[in-house]
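# Examination of the molecular architecture
Spelled out from the first residue to the last, the chains are:
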Amino acid sequence: MEWDNLALRNKREGHLRAPCCQADVILRRSKLGTQHFVHRVRGTCDSAPETEEHRQVKRVIVEVGRANGWLADAEVGGLSPEGEVWRADVLLSKGAARIAIEVQWSKQSDDETVRRQARYASSGIRGLWVFRQQRFAASKDIPAVRICGTLADGFEVYVPTGTGEQVLPLAPFVSAVLNRQYRFGLPLGAPAVVAVRCGIIDCYRCGAETPIITGLDIKVGPHKLSATIPELDRCPDLIARALQVMPQHISPGRIMRRHSQEANSRYLSNGCAHCGTLIGAHYEYLACENQAVVGKFQVVVDDRMRQLAIQLGEEPGWGVHPEISPI
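What counts and what doesn't
- Residues numbered from 1 in each chain as written.
- Predicted model: local features only at pLDDT ≥ 70, side-chain atom pairs only at ≥ 80, totals over all residues.
- Heavy atoms only, no water.
- Pairing = 2+ DSSP bridges.
- Helix = DSSP H or I, 4+ residues; strand = E, 2+ residues; numbered from the N terminus.
- Axes fitted to C-alpha atoms, helices over the stretch in contact; angles between N-to-C directions.
- Contact = heavy atoms within 4.5 Å.
- Buried < 20%, exposed > 50% of the residue type's maximum accessible area, 1.4 Å probe, protein only.
- Polar contact = N/O pair within 3.5 Å; in protein donor to acceptor, adjacent residues only side chain to side chain.

### A few points about the sheet that holds strand β4 (residues 85-94)
The seven strands lie next to each other as β3-β4-β5-β6-β7-β8-β9, forming an open sheet whose pairing is mixed. The strands lining the two open edges of the sheet, one partner per strand, are β3 (71-79) and β9 (165-169). Adjacent strand axes in the sheet meet at a mean angle of 35°, parallel and antiparallel pairs treated alike. Relative to β4, β3 is paired through eight bridges, and the arrangement is antiparallel. In the strand pairing of β4, Gly78 is matched with Trp86. Against the sheet, helix α4 (residues 170-178) touches β4, β5 (97-104), β6 (126-131), β7 (144-150), β8 (154-160) and β9, its axis set at about 105° to β9.

Okay, here's the thing in structure tokens:
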């Protein structure tokens, strides 16, 4: 009814304008019932017309938003405090929270995305970009994903995680966004599964075979980190837990800070299980061919794990963490 009333008023007064070029618009419904705006006269505007796929994606977002208890409407307009006009493909509201989801079906430059995101931010709105194009900027301040699919097969979202992509159907992705399971980096308190890798090498001093822990593989939702023993110097709790889950038939030497004459420095290292000699960081790579996961344990993300990710140069980007309870 509101849509029909708005259409009648616009037909009488012509008060609505296209945000792309400020031309007159009319209100329509697609064959699937999706409400949308179109130019009254196409003219010289170079903004691409909406496809049925574009409208269907917006429709799914609106339906998922409402199913999750949010107020959700397509083609909602407003003004920034600076007086700039904006129109969100879908605007979702719940309490004081407002999220604009932009389904960008035509190509858009990174500069234009930054400009439009800043306009939303000044209006107290969080912006999320759903691009059809292959390449786009994504950062902590500009969450952005890629969408693929068809009306017949449905749509999938590809989330750039920093080290790869996480693929989810459109509806579960939107639901994760609204339940704060779509997060940047390593969320504090999120569950992490740690796998302990072990290998066998010959001690260069006594010649005996000795087990060593070659590293830990840490999985947090869609994100993965891998660290060697020297890189875990500031995470003694992870080392202690790793030693606790080692099988009884594998007894590595003591892990501690030792002085390396070759490196002329002290660092956390494996030691020979027989003579205690430092197994230098460069020797650990010799075990790569015969290393295996020998145990796993679970922890939660803390500040030290976040710092470890930065130290490794593998600071994660955005990702959906289904293990985090919706709130």
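On we go from here.
### Overview of the side chain of Gln133
Structurally, Gln133 can be placed in the loop between β6 and β7. Gln133 sits in the buried class, given a relative accessible area of 11%. Here the side chain of Gln133 touches Gln108 through a polar contact of 2.9 Å, landing on its backbone nitrogen. Within polar-contact distance, the side chain of Gln133 engages the backbone oxygen of Arg135 at 2.9 Å. Excluding anything up to four places from it in sequence, Gln133 contacts Ser106, Lys107, Gln108 and Arg146.

### Looking at the sheet that holds strand β16 (residues 278-279)
Sheets are built from strands paired through backbone hydrogen bonds, the pairs being either parallel or antiparallel. Spatially, three strands are ordered β14-β15-β16 in an open sheet, and the strand pairing comes out antiparallel. Either end of the sheet is taken by a strand with one partner, and the two such strands are β14 (256-260) and β16. Strand direction decides the pairing type here: β14 and strand β15 (residues 265-271), joined by five bridges, are antiparallel. In the strand pairing of β15, Arg258 is matched with Tyr267.

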